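Here's the letter readout for the chains.
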Amino acid sequence: MMRKTFCYATVALLAWSTMALAQSASNHAGHHQHGMSSSTMTTTQSASGVVKRVDIGAGKITVDHGPIKSLSMDAMTMVFRVKDPAMLKQVKAGDRINFDAGRINGALTILKMKKR
Ligand SMILES: [Cu+2]
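Rules and cut-offs
- Residues numbered from 1 in each chain as written.
- Predicted model: local features only at pLDDT ≥ 70, side-chain atom pairs only at ≥ 80, totals over all residues.
- Pairing = 2+ DSSP bridges.
- Helix = DSSP H or I, 4+ residues; strand = E, 2+ residues; numbered from the N terminus.
- pLDDT = per-residue confidence, 0-100.
- Contact = placed C-beta atoms within 7 Å.

Now for the pairing of strand β5 (residues 107-115). Here strand β3 (residues 76-82) runs beside β5; their pairing, made up of two bridges, is parallel. Considered in β5, the bridge of R81 is made with T109. Bridging between strand β4 (residues 96-104) and β5 involves eight bridges; their strand directions are antiparallel. Note on β5: the bridge partner recorded for N98 is K114. In this antiparallel pair of consecutive strands, β4 and β5, the connection spans two residues, and N105 shows a positive phi of 50 degrees.

Turning our eyes to something else, we now look at the confidence of the model for the protein chain. Looking at the protein chain, the pLDDT average stands at 77 and 63% of residues meet or exceed 70. Put simply, helix α1 (residues 13-19) is where the protein chain has its lowest mean pLDDT, 47, and strand β2 (residues 60-65) is where it has its highest, 98. Under a pLDDT of 50 for its full length, residues 10-38 has, in the predicted model, 39 contacts with residues more than four places off or in other chains.

So this is what it looks like as structure tokens:
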């Protein structure tokens, strides 16, 4: 019931930060539309987790997440980068989130997330 698909490229990063709470986006967009020429991104995977720590200055977030098959990860607590630092202002330690993660230039990155 909470499924919507839309294209990353059409959703500007700033738009995302304001839309995040209103959108129920279980993303499943591919990566073909990723427009930044210098970056490479693997298939994304939706996952859920609990925020452990938010480091806005470093643009990082620590998440205790469930298994993410496409990234070959079991449940663990780990640090992710985020695609847009503004995303970090929407969550705090203790929040339960759903997120989409992938690798951008080799770095595990949360592309989208929302509280649940
Ligand atoms: Cu992990």
